Amino acid sequence: MTILSHFIVAAFALAATVQGAPQELGQPGPPSSDPCARIGGKKWVAPSEVRACYTSMRVNETVKNNILEVVNKTLNFHTSTNYQIRAPQPFSLDVRVNLPTELERIKRQFYRSEYDFHVDLSRTLKRTNDGHAPWTFACYVRGISSHGVHTRVTHDSTNSGLYHTALFVNYVPTPLSLLTSPDGTQNVHISPEAFNVSSAEFPDQIDVWQNALPGPLKGQLETLSGSRVLLINGRDPFDAVNANTLITGSYQAFGTRQNTFFSSYQRGNESWNYIMGNFAQQALPLSDTVRLTILRSNRTRPETFVLPYRSRFGSQAKPFTDTASWRANNCVAQPGTNGVDRNSNDPASRMAAVEDPMARYQQQPTLPPQLAGKYPLNVFVDSSPLSNVLLPEELKPSLSPVNGSRSVSQFYLLEDGTTGVLALGSFSDTDYNELHRGLLVGLLNLKSLGATRLIVDVSNNGGGYICAAHWLHRIIVGPKSTTEPQAGLDTKARAGPLARSIVDELVKNPKLDPDRFLNYNPVNWRDANNVPFNASTNWLQPVVSITINRRQDAFSPRLGQECQPDGFPYAPPTQALFDPKQVVIVSNGRSVVILDLV
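Read on for a plain summary of the structure.

A look at the overall build of the chain
Line of reasoning, step 1. A count of helices and strands for the chain gives 17 helices and 24 strands.
Line of reasoning, step 2. Here the chain holds 598 residues, and 55% of them are scored as buried.
Line of reasoning, step 3. Contacts in the chain between residues at least 24 apart in sequence constitute 73% of all its contacts with a sequence separation of at least 6.
Line of reasoning, step 4. When the accessible surface of the chain is summed, it comes to about 25000 Å², and 51% of that surface belongs to carbon and sulfur atoms.

Let's talk about helix α5 (residues 99–108)
Line of reasoning, step 1. Considered for burial, the residues of α5 that qualify are Leu99, Glu102, Leu103 and Ile106. Viewed along the axis of α5, the buried residues span an arc of 100 degrees, placing them on a single side of the element.
Line of reasoning, step 2. Turning to α5, the residues buried within the fold contact α4 (61–74) and α6 (114–126).

Considerations on the nonpolar core
For soluble globular proteins, nonpolar side chains are generally found buried alongside one another.
Line of reasoning, step 1. If you look at the biggest cluster of nonpolar residues, it comprises 75 residues, and the most contacted ones within it are Tyr54, Leu121, Tyr140, Phe168, Leu176, Phe279 and Trp326.
Line of reasoning, step 2. Those residues in contact with Leu176, other than ones at most four positions away along the chain, are Val188, His189, Ile190, Ser191, Val229, Ile232, Phe261, Phe262, Ser263 and Phe279.
Line of reasoning, step 3. Formed by 33 residues, the second largest nonpolar core is a distinct cluster that contains Leu377, Phe411, Tyr465 and Ile475.

Here's the deal with the packing of aromatic side chains
Line of reasoning, step 1. Evaluated as defined, the whole model comprises 24 aromatic pairs.
Line of reasoning, step 2. With a centroid separation of 5.4 Å and an interplanar angle of 90 degrees, the aromatic rings of Phe137 and Tyr140 are classed as edge-to-face.
Line of reasoning, step 3. The class for Phe137 is buried, based on a relative accessible area of 2%.
Line of reasoning, step 4. Given a relative accessible area of 0%, Tyr140 falls into the buried group.

A short note on the state of the cysteines
Put plainly, a disulfide is one covalent bond tying together the sulfur atoms of two cysteines.
Line of reasoning, step 1. Scanning the entire structure with this criterion turns up 3 disulfides.
Line of reasoning, step 2. Here Cys36 pairs with Cys53 through a disulfide, and the sulfurs are 2.1 Å apart. Disulfide Cys36-Cys53: torsion about the S-S bond near 95 degrees, hence right-handed. A residue pair is termed long-range when its members are at least 10 positions apart, and Cys36 in helix α2 (residues 35–39) and Cys53 in helix α3 (residues 47–54) qualify at 17 residues.
Line of reasoning, step 3. You can call Cys53 buried: its relative accessible area is 0%.
Line of reasoning, step 4. With cysteine numbering restricted to those in disulfides and following the sequence, the chain has the pairing 1-2, 3-4, 5-6.

Considerations on the side chain of Asp120
Line of reasoning, step 1. The residue Asp120 is located in helix α6 in this model.
Line of reasoning, step 2. Overall, the relative accessible area of 18% leaves Asp120 in the buried class.
Line of reasoning, step 3. Non-local contacts of Asp120, meaning those with residues more than four positions away in its chain, are made with Arg105, Ile106 and Tyr111.

Digging into the pattern of salt bridges
Line of reasoning, step 1. Counted by the stated rule, this structure contains 19 salt bridges.
Line of reasoning, step 2. Between Glu104 and Arg108 there is a salt bridge, with the nearest N and O atoms lying 3.9 Å from each other. In this pair, Glu104 and Arg108 are both assigned in helix α5, 4 residues apart and thus about one turn of the helix distant.
Line of reasoning, step 3. The salt bridge involving Lys396 is made with Glu393; its shortest N-O contact spans 3.0 Å.

Things to note about the packing of helix α15 (residues 432–448) against helix α16 (residues 466–477)
Line of reasoning, step 1. At their nearest, the axes of α15 and α16 sit 10 Å apart, and the two run at 20 degrees to each other. The pairing of α15 with α16 is recorded here as roughly parallel in orientation. Two packed elements cross with a definite hand, and for α15 against α16 that hand is right-handed. Two secondary-structure elements touch here, α15 through Tyr432, Leu435, His436, Leu439, Leu440 and Leu443 and α16 through Cys467, Ala468, Trp471, Leu472, Ile475 and Ile476.
Line of reasoning, step 2. Of the residues that constitute the contact of α15 with α16, the class distribution is 11 nonpolar, 1 polar and no charged.

Examining unusual backbone geometry
Line of reasoning, step 1. Geometrically, the link from Gln89 to Pro90 is a cis peptide bond, its omega value of 5 degrees lying close to zero.
Line of reasoning, step 2. Considering the arrangement of structural elements, one finds Pro90 in the loop between α4 and α5.
Line of reasoning, step 3. In the segment running from Gln541 into Pro542, the intervening peptide bond is cis, with an omega of -5 degrees.
Line of reasoning, step 4. Topologically, Pro542 is positioned in the loop between α17 (497–508) and β22 (544–548).

Regarding the sheet that holds strand β20 (residues 453–457)
Line of reasoning, step 1. Pairing is mixed in the open sheet, where 4 strands are placed in the order β18-β19-β20-β24. In the strand order of this sheet, the two ends are held by β18 (409–413) and β24 (583–586), each with one partner. When strand polarity is set aside, the average angle formed by the axes of neighbouring strands in this sheet is 15 degrees.
Line of reasoning, step 2. Relative to strand β19 (residues 419–424), β18 is paired through 5 bridges, and the arrangement is antiparallel.

What to know about the pairing of strand β23 (residues 551–555)
Line of reasoning, step 1. Note: β22 against β23, 5 bridges, orientation antiparallel. Note on β23: the bridge partner recorded for Ser545 is Ala554.
Line of reasoning, step 2. The hairpin turn running from β22 into β23, its antiparallel successor, is 2 residues long, and Asn549 in that turn takes a positive phi close to 50 degrees.

The rules we used
Residues numbered from 1 in each chain as written. Predicted model: local features only at pLDDT ≥ 70, side-chain atom pairs only at ≥ 80, totals over all residues. Heavy atoms only, no water. Helix = DSSP H or I, 4+ residues; strand = E, 2+ residues; numbered from the N terminus. Buried < 20%, exposed > 50% of the residue type's maximum accessible area, 1.4 Å probe, protein only. Contact = heavy atoms within 4.5 Å. Areas by Shrake-Rupley, 256 points an atom, 1.4 Å probe, with all protein chains shown as cover. Arc of directions from axis to C-beta. Core = buried A, V, L, I, M, F, W, Y, C linked by side-chain atoms within 4.5 Å. Phe/Tyr/Trp six-rings, centres within 6.5 Å; stacked < 30°, edge-to-face > 60°. Disulfide = S-S within 2.5 Å. Salt bridge = Lys/Arg side-chain N within 4 Å of Asp/Glu carboxyl O. Axes fitted to C-alpha atoms, helices over the stretch in contact; angles between N-to-C directions. Parallel < 35°, antiparallel > 145°, perpendicular 65-115°, else oblique. Left-handed = near helix turned anticlockwise from the far one by under 90°. Nonpolar A, V, L, I, M, F, W, Y, C, P; charged D, E, K, R; others polar. Pairing = 2+ DSSP bridges.

None of the figures reported here should be taken as evidence of function without further support.
Following this line, the structure appears as structure tokens:
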């Protein structure tokens, strides 16, 4: 359980904007022409034009050093720093990065542009494959918002959900899927729904791709849907899939990082969303074109063609007309960038707490600050764009939701009358109590309708309230030694010098955190016997010294669980709602708090 990980997230996501004036962040290149003026005010441009704008800013060495200093300091809080030098099995080959050494390399490295520096730093931190600690720079990746605002022809422009956007997002109209044949073999295909999704989401750009197809394929983009992909840029498709695993980050499991390449779906807070995957949607202008060799349905001869990627201006990015306005509108510090004083009576400080810039990158519904600080959270953070493309109607559940469904949690009873389904897109909700109540009511209603088996679908679940995951586990399988009082949630906290200093100050003066916002506040924790600490207890003591990858590290003693009974707003059932042997968890691996369910 990574309770303290959000400290490093804040610094990684926001350190790039610690300077207030846009001119301090970087200096324009040669004044021959302004490449940013060529794309300013445009909705669709070529990826090469976006790169020309991005790479026109030279590195400001003072700011670069400041960024690296901030990132280095956050490593004092990050639990996994020493473990990631070489992770234990089965991830020893997937996670091998010495962050302090790499940051020192980046400090010495010369970069032709600020963008190149950003990409190197981002990819270096992604090598940790830790979804709690990415780096992103608001100049290029703006984060998430609670509402989608760009107009569609066939979609509801008022639809709300998790919309993660970059300044410009790269698209190609052929998202890919890994499909299984009747004989059990798997092959990469252009997703069967590709044309329906792309023509609905990109009505003002689809003709560009139609006309880019050669010869008899011109204007026949729809016929590519469902085609088997034989080659991507002249190589086996899985060469591209595996190359993507090296830069996508976020998950230690290799198979999960492979899955990010393909299209998928997610239950948002008000809709079913279609995720195009890293092949068809890129947060940065990485690719100009792609060369595909395919075998269309009911054809025997392979066909090869080149499709251009196109870059669309992000729906949440702030418009600009040239380099100066790009930097001023998108690259400067915002309220809350350098932290907030939640106890302040100053209106500006209170507003900063409401508009927490870190929340842009969390894969969960936007939470009120009083909830985000009140309950333990384990939330996935991603610098890649999470699409607000709506799932095509033919892929949405055709069954009516069962009573208890709300927001990110939807319940269905399959036509066999005995199999219930819980589709759970997140463990977060704007109403903590209602999330717990809805999960209980939905499962009770499934059971009353005759369900004896349960499928829990947590595909692309970005995480959320740890106690909500514990609650779901508890009400499904009932009271037993693995659910009460613990559910595999034993934890320790990193206890470096800075952490100990913070706790020392809180113990001396509990009034520093009257509303219990800080994870370092003793009253937010319990000892190994699940007895709450009082405000005067230094819960990091006695410090436990551990050698990790030949490095000395310091941790707290073992801590108890945080969820029962305080984290449960309702009394759980006295018996299991389902036989655990009749419960199946479905996931593409891109799920955070699901670990608390097993």
